[in-house]
There are 2 protein chains.
Amino acid sequence: MALVKKPVTGMKDILPAEMEIRDYVMGVIKDTYRAFGFTPIETPAVESIANLSNKQGGENEKLIFKILKRGEKLKLAEAKEEIDLVDGGLRYDLTVPLVRYYSNNANDLPNPFKALQIGSVWRADRPQKGRYRQFTQCDIDILGEASNLAEKELILATTTTLDKLGFKNFQIKINDRALLKAMVAYSGFEEAQYDEVFIILDKMDKIGLEGVEKDLLENGYAAESVNKYLDLYKGLADAKDNAAALSFLKEKLGDFVDEEKIAGLEEIIEAVDETKTAKFDLVFDATLVRGMSYYTGTIYEIYMPEFGAACGGGGRYDNMVGNFTGNNVPACGFSIGFERIIMLLMDNGFKVPGKGEKIAYLMEKKMPKNKVNAIMKMAQEERANGKQILVAQANKNKKFQKEQLMAQGYTEFVDFYADSDI
Amino acid sequence: MALVKKPVTGMKDILPAEMEIRDYVMGVIKDTYRAFGFTPIETPAVESIANLSNKQGGENEKLIFKILKRGEKLKLAEAKEEIDLVDGGLRYDLTVPLVRYYSNNANDLPNPFKALQIGSVWRADRPQKGRYRQFTQCDIDILGEASNLAEKELILATTTTLDKLGFKNFQIKINDRALLKAMVAYSGFEEAQYDEVFIILDKMDKIGLEGVEKDLLENGYAAESVNKYLDLYKGLADAKDNAAALSFLKEKLGDFVDEEKIAGLEEIIEAVDETKTAKFDLVFDATLVRGMSYYTGTIYEIYMPEFGAACGGGGRYDNMVGNFTGNNVPACGFSIGFERIIMLLMDNGFKVPGKGEKIAYLMEKKMPKNKVNAIMKMAQEERANGKQILVAQANKNKKFQKEQLMAQGYTEFVDFYADSDI
């Protein structure tokens, strides 16, 4: 088979300029999350196929890169369907591996456990601009904390990180799945209809109130329910702030909602507003849905005006550990949209703050041996002083060589000639 | 299918204590290599199956985790053999992906190009203690540099890194495949026999001169050749230093060896000895083989007495880019045995140098809301001052909680009670 120069379909080579930004962003993320007491962990890229096919992954389960069994276990002639051929797959997110990791290692971990996981995930999605089949996710999670201290710390840690990366005036939207459900129940929808209603509601930011109303009616829902439902959202649109919106819902929904859920949201918003150091607004948004079915309570999302879409999000998922161990453990996470952040920074011409000077020593070819050694010795001394020193032979087209190096961030050049005094 | 708590066979979850050391070592490696002008790059974990099966990977090609074709491309009923089912695989090293990357992107890269690549690789090896099916490799390579400036810089950069990680009194063994070949040619072996002779020679450190002699004779090689060959190694064993060993070979091998090859080794050794800042010996070792068939010139290996085995190595491979592009490009690399280094550090009870204090704020449950916010505000201020602050609720067994946290490096605890003045 002929060798292939290109990366496999949908995956990419990361060139030095992007890599520099990625390394910098990763450093900021790690340092900031560490300051909040999060501990880095790592899980294998490969998970058993059973863990990736348990219906918690939603649509992502259709996009798994599956791994062929090996050796005697591969029985090609007897294989009837795909599942007979595979025993593992590349993880499509970091949540399934985290929950497996926690289930496997809880005895060796502090309680509550605050985990930071940065790693590649793989999805065999249709390739499109800015979307790749291998990409980096960056998740923080708190396991074993039932109180909303978890939500508060996750939101503070994430927003402090975004602030350190230079993002200002973004929003964190927050909601609770209990509220979402209370609103449809109050409006008279049946439980079997909830998920479909939420899928339509999720389009509110694109199609507006009227679009949602039209879609619901076209899908055959009772006009009475649709009107009642839309009236809630109209009422919320008139609320002047978070407190007004939440008290409007509390009054309207009455017994349909557990008052503690509303009090919980109020408490999170108040705590974050009082303690945040970053510049952002935490906004209650009753249209926020978040797709994954595993969420059980609070949900939230980063909204960046310059991106016009979510740049990360998360929520509470108290039932996932129980799927592995039989005992539920409270769990709550927040994922930063690492690739979107890199894209935004690159689009804005972001320059990584200097890490010491980058200097290139360019030696004429045919330099006497003793002079080469003297030049290398100088380089060694400068490196020990924290400078970045490239020692290279000058190319024939030295001007072009210097241009290439300037593009890599080299700001100073020292030319050495065979007849130089060194 | 039931969920599986364990990682897949042969792969591992990395617990916080090891993760801390890994992150630290990775930081030292990146900073040191950057000071030498190496540029981080990243390639996808998945490579096309053609690139992984081109016979350059030796035994590793038998250990590939293969990836099933997806969608319409998977024709299970028509598939006759494995290759009909797969289109990619997980990379088994970082060299094949680097060479593909360079072939694909050379126009956008400076010349010479000094690359640093740290990443996971996968091999479906038989699981055994300390050896995993997913592990991290850490390679530096210089592409486009034909002179031995490449070897010198690679050896200096690698040894400076090892020194910064606290390793002292290790050895770098160096040889040249041209010398290896000259020695067998001089002894009268035939070219078709070279590789098998090298496999036996490679066992010298385990079975000694007599063992090698016995093995060669048992494999049916002419006693005359074997004696002549072994006499060379006996002569080298008597040489008091690198210079004596190399001049012994120059004299013995005569026209069988290109004098420039010997002069090249002498030059590398002299330059490194004169410019090194780390404590180590660069030793010419005519028994050094290095398995991979793609090496074309100099080869070298890190030898750590406390490990009793190689902790990394590399060499020159001038023909690999040509396999992709038709035009050869000089190339030379050095790989640090990342996992072995982590294992050595952990076995020695290595402690990561402090990154600022780790302090845990433990709050009594049922803390009034306004006091929780005040405590979080204090934490925010301390984090802004570079401290690591964990805010958590005190567990019922607070003593055990503190022990767990001490194991995670927390040295200070602040207890907050509901009736505390805050």
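That block above? That's the structure.
Structural notes, computed from the coordinates. The structure presented is a predicted model; accordingly, all values stated were derived computationally and were not measured. (Residues numbered from 1 in each chain as written. Chains lettered and ligands numbered in written order. Predicted model: local features only at pLDDT ≥ 70, side-chain atom pairs only at ≥ 80, totals over all residues. Heavy atoms only, no water.)

### As for the packing of aromatic side chains
Residues and elements named next belong to chain B. To keep it simple, the criterion reads: Stacked, tilted and edge-to-face are the three classes assigned to paired rings of Phe, Tyr and Trp, where Trp is represented by its six-membered ring and a pair needs centres within 6.5 Å; plane angles under 30 degrees give stacked, over 60 edge-to-face, the rest tilted. Labels follow the DSSP assignment, with helices taken as runs of H or I lasting at least four residues and strands as runs of E lasting at least two, numbered in each case from the N terminus. Only protein chains enter the area calculation, which uses a 1.4 Å probe; residues under 20% of their type maximum are buried, those over 50% are exposed, and those in between are partly exposed.
Counted by the stated rule, this structure contains 24 aromatic pairs over all chains. A ring pair is formed by Tyr-361 and Phe-416, whose centres lie 5.4 Å apart and whose planes are at 70 degrees; its orientation type is edge-to-face. Taken together, the residues Tyr-361 in strand β12 (residues 358–363) and Phe-416 in strand β14 (residues 412–416) connect sequence positions 55 residues apart. Its relative accessible area of 4% is what places Tyr-361 among the buried residues.

### Quick notes on the relation of the copies chain A and chain B
Using the following cut-off: Here the copies were fitted onto each other by least squares, based on C-alpha atoms from residues at pLDDT of at least 70 in both.
Taken as rigid bodies, chain A and chain B are interconverted by a rotation of 180 degrees and an axial shift of 0.0 Å, the fit giving an RMSD of 0.0 Å. Those values place the two copies in the arrangement expected of a two-fold rotation axis. Relative to the rotation axis, the C-alpha of Ile-67 of chain A is the closest in chain A, positioned 2.3 Å from it.

### What to know about the sheet that holds β12 of chain B
Residues and elements named next belong to chain B. Cut-off, in case you're wondering: When DSSP finds at least two bridges between two strands, those strands are taken to pair. Between the N-to-C directions of two axes lies an angle of 0 to 180 degrees, each axis being a line fitted to C-alpha atoms and, for a helix, fitted only over the stretch in contact.
Strand order in this open sheet of 3 strands is β13-β12-β14, and the pairing throughout is parallel. The outermost strands of the open sheet, each flanked by one partner alone, are β13 (388–393) and β14. Direction aside, neighbouring strands of the sheet carry axes that sit 20 degrees apart on average. In this sheet, β13 lies alongside β12 in parallel orientation, the contact comprising 6 bridges. The partner of Ala-360 across the bridge, within β13, is Leu-390.

### Overview of the sheet that holds strand β1 (residues 39–40) of chain B
Residue and element names in this part refer to chain B. Applicable threshold: Whether two residues are in contact is decided by their heavy atoms: any pair within 4.5 Å suffices.
Ordered in space as β1-β5-β6-β11-β10-β9-β7-β8, the 8 strands form an open sheet in which the pairing is mixed. Looking at the sheet topology across the chains shown, the edges are occupied by β1 and β8 (280–284). On top of the sheet, helix α4 (residues 149–164) reaches β5 (113–122), β6 (134–143), β7 (170–176), β8, β9 (298–304), β10 (309–316) and β11 (331–336); it is set at about 10 degrees to β11, its chief contact.

### Let's talk about the interface of chain A and chain B
Under the convention used in this document: Here's the idea: put two parts together, see how much 1.4 Å probe accessible area each one loses, and the total over both is what we call buried area. We define a salt bridge as a contact between a side-chain nitrogen of Lys or Arg and a carboxyl oxygen of Asp or Glu at a distance within 4 Å.
Across the contact, 107 residues belong to chain A and 107 residues belong to chain B. The contact between chain A and chain B buries some 9,200 Å² in all, and 59% of this surface belongs to carbon and sulfur atoms. Of all residues in chain A, the largest losses of buried area upon contact with chain B belong to Leu-3, Lys-5 and Glu-42 of chain A, amounting jointly to 8% of the total for that side. Summed over the shared surface of chain A and chain B, the result is 10 salt bridges.

### A look at helix α1 (residues 16–35) of chain A
Our working definition: To estimate the expected span of a helix, count its residues, drop one, and scale the result by 1.5 Å.
For α1 of chain A, built from 20 residues, the straight-helix expectation of 28 Å at 1.5 Å per residue is met to within 8% by its first-to-last C-alpha distance of 29 Å. For α1 of chain A, a buried count of 14 out of 20 residues is recorded, marking the element as mostly surrounded by other parts of the structure.

### Quick word on unusual backbone geometry
Residue and element names in this part refer to chain A. Of note, the bond from Asn-111 into Pro-112 is cis; its omega dihedral lies within 30 degrees of zero at 0 degrees. Relative to the helices and strands, Pro-112 is located in the loop between α3 (95–105) and β5 (113–122). A positive phi angle, close to 55 degrees, is found at Arg-290, a residue other than glycine. Along the chain, Arg-290 turns up in the loop between β8 (280–284) and β9 (298–304). The exposure class of Arg-290 is buried, given its relative accessible area of 18%. Although it is not a glycine, Lys-366 adopts a positive phi angle of roughly 65 degrees. For Lys-366, the position within the fold is in the loop between β12 (358–363) and α13 (369–384).

Spatial relationships are all this shows, so hold off on functional conclusions.
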